[in-house]
Structure formats: C-alpha cells, structure tokens
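# Observations on chain architecture
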Amino acid sequence: MSPADPPPENPESDTASADRAARRHELGHPDITEIEIGKTTHRVAEVQPMDVDGVRTMTVGTILWAVLAIALIPFWGTLREDGTQWWLWTALAGFGLGLLGIEYCRRRRNALEARQAARPSGGGGRRRK
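The structure presented is a predicted model; accordingly, all values stated were derived computationally and were not measured.

## Side note on the pattern of salt bridges
On inspection of all chains with the given rule, the structure shows two salt bridges. Salt-bridge contacts for Arg 106 lead to Glu 103; the nearest nitrogen and oxygen are separated by 3.0 Å. With Arg 106 and Glu 103 both in helix H4 (residues 86-118), this residue pair falls three residues apart, about one helical turn. Glu 103 serves as the salt-bridge partner of Arg 107, at 3.1 Å between the closest nitrogen and oxygen. In this pair, Arg 107 and Glu 103 are both assigned in helix H4, four residues apart and thus about one turn of the helix distant. Judged by relative accessible area, which is 58%, Arg 107 ranks as exposed. For Glu 103, a relative accessible area of 31% corresponds to the partly exposed category. Among the ionic contacts, a cluster of salt bridges with common partners joins Glu 103, Arg 106 and Arg 107.

Set out below in structure tokens:
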C-alpha cells in the first residue's frame with residue numbers, strides 16, 4: 001500500500017494484513033528500517049552475515065576444474081589440431097590453483113577457529129563502532 005492509496009475501509013482486511021506481516025516475520029524475515037537520505041528513502045534490513053569460510057566453495061570449484069580437465073583428455077588430438085589446447089591447460093591450471101585455494105581457506109578457517117577458542121567467552125561477540 002503506497003502513501004497515495006486511501007486507507008482500507010474494511011478493518012478485517014487491515015487485521016488480516018497485519019496478521020500476514022506478523023507471520024512473515026516469524027518465518028525469518030528481518031525487521032526493516034527506513035532511512036531517509038536527502039529526498040530518498042532507503043529500506044535497510046538487519047541481517048546477520050553468513051558464516052562462510054570458503055573451503056566448500058573452493059572444493060566444489062576445484063572438483064569442477066578436475067572433471068573438466070579429465071573430460072578434455074580424450075580430445076587431446078582434436079584440441080591440438082584446432083589450436084585449442086589451452087582449454088586443457090586452463091582446466092589444469094584451475095585445478096592446481098584450486099588446490100592452493102583449498103589449503104589457504106583451510107588454514108584461514110583453522111586460524112579463525114583458534115582465535116575464537118582463545119577469546120574469553122564472556123565478551124559477548126563482535127564490537128560495533
């Protein structure tokens with residue numbers, strides 16, 4: 001409903017709308033705050049950041065590069081004739097860089113977990129500025 005729309009005449013529909021909005025919030029929709037900057041109104045939702053360490057993403061990507069490299073091996077002769085051998089070398093480079101990325105993300109995750117374990121538990125979480 002926009003500000004130009006007249007208010008609903010039926011109070012039951014207004015109550016039903018409020019009930020639907022309450023149910024949406026119960027289902028995990030975040031609270032929305034409106035912020036006015038100049039003549040523009042922005043709607044901002046309070047959401048928590050995802051806890052993603054990157055290991056799974058790097059692993060999936062590395063597996064896809066490996067599958068692609070293996071799938072291209074039978075076509076080595078065709079790739080050479082067409083001058084597209086770089087496809088295979090690109091897949092192999094993606095696989096190798098993916099292995100390095102997995103190790104990097106694992107070390108980063110382990111360092112973050114060690115730092116979290118060393119932190120006193122009574123701190124209450126992240127500091128906000």
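The discussion continues.
## A short note on the environment of Cys 105
Inspection of the secondary structure puts Cys 105 in helix H4. Looking at Cys 105, the relative accessible area reads 11%, which means it is buried. For the pair Cys 105 and Gly 54, spaced 51 residues apart in the sequence, the C-alpha separation amounts to 5.9 Å. Excluding residues that lie within four positions of it along the chain, Cys 105 makes contacts with Asp 53, Gly 54, Val 55 and Met 58.

## Here's the deal with the packing of helix H2 (residues 55-72) against H4
With their axes 8 Å apart at the nearest point, H2 and H4 run at an angle of 160° to one another. The orientation of H2 relative to H4 falls into the category roughly antiparallel. Regarding H2 and H4, the two cross each other, and that crossing is left-handed. Classifying every residue of the contact of H2 with H4 gives 16 nonpolar, six polar and two charged.

## What to know about the nonpolar core
Residues Ala 69, Leu 72, Leu 79, Leu 88 and Ala 91 constitute the largest nonpolar core, which totals five residues. If you list the elements that add at least two residues to this core, you get H2 and H4.

## Some words on H2
Compared with the 26 Å implied by 1.5 Å per residue over 18 residues, the 26 Å span of H2 between its first and last C-alpha is a close match. By the burial criterion, the buried members of H2 are Val 55, Thr 62, Ala 66, Ala 69 and Leu 72. Each buried residue of H2 sits inside an arc of 130° when the element is viewed along its axis, so together they form one side. Across from the buried face of H2, at angles greater than 90 degrees, the exposed residues are Arg 56, Thr 57, Leu 64 and Val 67.

Reading the values: the criteria
Residues numbered from 1 in each chain as written. Predicted model: local features only at pLDDT ≥ 70, side-chain atom pairs only at ≥ 80, totals over all residues. Heavy atoms only, no water. Salt bridge = Lys/Arg side-chain N within 4 Å of Asp/Glu carboxyl O. Helix = DSSP H or I, 4+ residues; strand = E, 2+ residues; numbered from the N terminus. Buried < 20%, exposed > 50% of the residue type's maximum accessible area, 1.4 Å probe, protein only. Contact = heavy atoms within 4.5 Å. Axes fitted to C-alpha atoms, helices over the stretch in contact; angles between N-to-C directions. Parallel < 35°, antiparallel > 145°, perpendicular 65-115°, else oblique. Left-handed = near helix turned anticlockwise from the far one by under 90°. Nonpolar A, V, L, I, M, F, W, Y, C, P; charged D, E, K, R; others polar. Core = buried A, V, L, I, M, F, W, Y, C linked by side-chain atoms within 4.5 Å. Expected span 1.5 Å × (residues − 1). Arc of directions from axis to C-beta.

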